[in-house]
Amino acid sequence: ERSLERMRKASTKNVHGLYFQRMIQGGPTSRPNQLDFIIENYNERPAVRRSALQIAIFDASKDQTKAAQRGFPCLQHVTFAPVGGKLNVNAFYATQYAFERAYGNYLGLCRLGHFVAHELKLTLDRVTCFTGIMLRDKLSKDAKTKLRAAVKAALGGKR
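Visitor: So what about the pairing of strand E4 (residues 123-135)? Which residues, and what values?
Guide: Within a regular strand, the side chains alternate between the two sheet faces. Pairing between strand E3 (residues 86-97) and E4: eleven bridges, direction parallel. The residue bridging Thr95 from the neighbouring strand is Ile133, located in E4.

Visitor: Quick rundown of the sheet that holds strand E2 (residues 75-83)? Include the residues and the values.
Guide: Taken in spatial order, the four strands make up an open sheet running E1-E2-E3-E4, and their pairing is mixed. Strands at the two margins of the open sheet, each flanked by one partner only, are strand E1 (54-56) and E4. Looking at each pair of strands side by side, their axes are set apart by 15° on average, direction ignored. Relative to E1, helix H3 (residues 34-44) is tilted by about 165°, and along the sheet it contacts E1 and E2.

Visitor: Describe the pattern of salt bridges, and please don't skip the residues or the numbers.
Guide: Counting across every chain of the model gives three salt bridges. Among the ionic pairs, Asp36 bridges to Arg31, the shortest N-O distance being 3.2 Å. We classify Asp36 as partly exposed; its relative accessible area is 35%. With a relative accessible area of 28%, Arg31 lands in the partly exposed category. A single network of salt bridges, built from pairs that share partners, joins Arg31, Asp36 and Glu40.

Visitor: So what's going on with the side chain of Gln34? Residues and values would help.
Guide: By the element assignment, Gln34 lies in helix H3. Within the local environment of Gln34, its side chain forms a polar contact with the backbone nitrogen of Ala56, the two atoms lying 2.9 Å apart. Setting aside anything within four residues of it in sequence, one finds Gln34 in contact with Arg22, Met23, Ile24, Gly26, Gly27, Gln54, Ile55 and Ala56.

Visitor: Let's hear about the nonpolar core: which residues, and what values?
Guide: Nonpolar side chains in soluble globular proteins tend to end up buried together. Ranked by internal contacts, the top residues of the largest apolar core, which has 27 residues, are Val78, Phe80, Leu87 and Leu112. Broken down by secondary-structure element, the contributors of at least two residues to this core are H3, E2, E3, helix H5 (102-119) and E4. Among the elements that make up this core, the one with the highest residue count is H5 (five residues). For Leu87, the residues in contact, after removing those within four places along its chain, are Phe80, Ala81, Pro82, Gly113, Val116, Ala117, Leu120, Leu122, Thr123, Leu124, Asp125 and Arg126.

Calculation notes
Residues numbered from 1 in each chain as written. Predicted model: local features only at pLDDT ≥ 70, side-chain atom pairs only at ≥ 80, totals over all residues. Heavy atoms only, no water. Pairing = 2+ DSSP bridges. Helix = DSSP H or I, 4+ residues; strand = E, 2+ residues; numbered from the N terminus. Axes fitted to C-alpha atoms, helices over the stretch in contact; angles between N-to-C directions. Contact = heavy atoms within 4.5 Å. Salt bridge = Lys/Arg side-chain N within 4 Å of Asp/Glu carboxyl O. Buried < 20%, exposed > 50% of the residue type's maximum accessible area, 1.4 Å probe, protein only. Polar contact = N/O pair within 3.5 Å; in protein donor to acceptor, adjacent residues only side chain to side chain. Core = buried A, V, L, I, M, F, W, Y, C linked by side-chain atoms within 4.5 Å.

So this is what it looks like as structure tokens:
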């Protein structure tokens, strides 16, 4: 929490908040840390109802505006689904840029999944991202070429 203000100020893209900030401060007044609630609730009784294992990012009191574009939050919610000693993470994005944001968002969700799985004494099995509308980035030809090469290298040279 001490770093949140510095992270928010690090980029103008963070003016409306950060996903992690919403996770640890966006819950009800009585229990704002949604992530802590999930971990504590599951560890107290692993048979907890699945609907208790989700985090809301969208906050109507802050995000429901008439602005034509806002840039945050594209991520709407994250669910954690324990299945037989493993953890599945599901995330829903209303919109997402295919290259500029998708990879970084996915990487962040994987890191979040590993953390939550560790805290629940489970193994991360799967991270699934659902996107309502995938937006095409306006990348230069050079950026597209570099991106294709990076993806090909990450896949071990396979197409």
